Amino acid sequence: GLNVAAASLDPSFFGALPTTFVSCGFFTHETQATPLRQGLAPEWKFVAQYVLGVDDLFLHYLATSRLRLELYQSWGVEAQLVAACEVPLRERLHGGGKKPRLTQRAPLLSVPLVGRPGEPASTARTVGHIVFEAKMRRRIDHAAAAFLQQFPDLAALALLPVQGGGRTRELV
């Protein structure tokens, strides 16, 4: 399951009392969203649960994909994507998936807004942090080990250290 717990938001970017929510898409499941919360320290305490089969397709997804959490700011019936974070899922394969839960505090990077013609787009910057937890009900260490042995190229990728880069940052 995925627990989107809370965030701390930068007042210089958001102002005094922003109304926000977070959306997340995972694997083949529909995108889910937290309830609206107001303030610079929103607490969503939102839990999404997914029924999964641990097969090669799912393990390939874990080895090569990132979990993207998107922060939207709401103004009544309008909402705009303002920040996001991406966290690699391959950590779930480190050590054969023995970690029952993965709790992280990840930076939220502003989503560059496109300017008017002739104006530069804004650049991404850290505008807050989000706290979330991903956990699996069952261990996947045996399936992960067999998968990584069968696909050595993905095993090499899955075992690379997680590090920063580009617009999004991978977390240790």
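The structure we're discussing is the one just above.
What counts, and at which threshold
- Residues numbered from 1 in each chain as written.
- Predicted model: local features only at pLDDT ≥ 70, side-chain atom pairs only at ≥ 80, totals over all residues.
- Heavy atoms only, no water.
- Buried < 20%, exposed > 50% of the residue type's maximum accessible area, 1.4 Å probe, protein only.
- Helix = DSSP H or I, 4+ residues; strand = E, 2+ residues; numbered from the N terminus.
- Pairing = 2+ DSSP bridges.
- Salt bridge = Lys/Arg side-chain N within 4 Å of Asp/Glu carboxyl O.

A. Summary view of the pairing of strand 2 (residues 19-24). Counting buried residues along strand 2, five of its six residues qualify, which places the element largely inside the surrounding structure. Across six bridges, the pairing between strand 2 and strand 6 (residues 66-75) is antiparallel. The partner of Phe 21 across the bridge, within strand 6, is Tyr 72. By the bridge criterion, two bridges tie strand 2 to strand 3 (residues 32-33) in an arrangement that is antiparallel. Bridging across to strand 3, Ser 23 finds its partner in Ala 33.

B. The arrangement of the pattern of salt bridges in detail. All chains considered together, the criterion is met by four salt bridges. Between Glu 70 and Arg 68 there is a salt bridge, and its shortest N-O distance comes to 2.7 Å. Between Arg 68 and Glu 86 there is a salt bridge, with the nearest N and O atoms lying 2.9 Å from each other. Taken together, the positions of Arg 68 in strand 6 and Glu 86 in strand 7 (residues 78-88) put the pair 18 residues apart, joining distant regions of the chain. Here the salt bridges do not stand alone but share partners, grouping Arg 68, Glu 70 and Glu 86 into one network.

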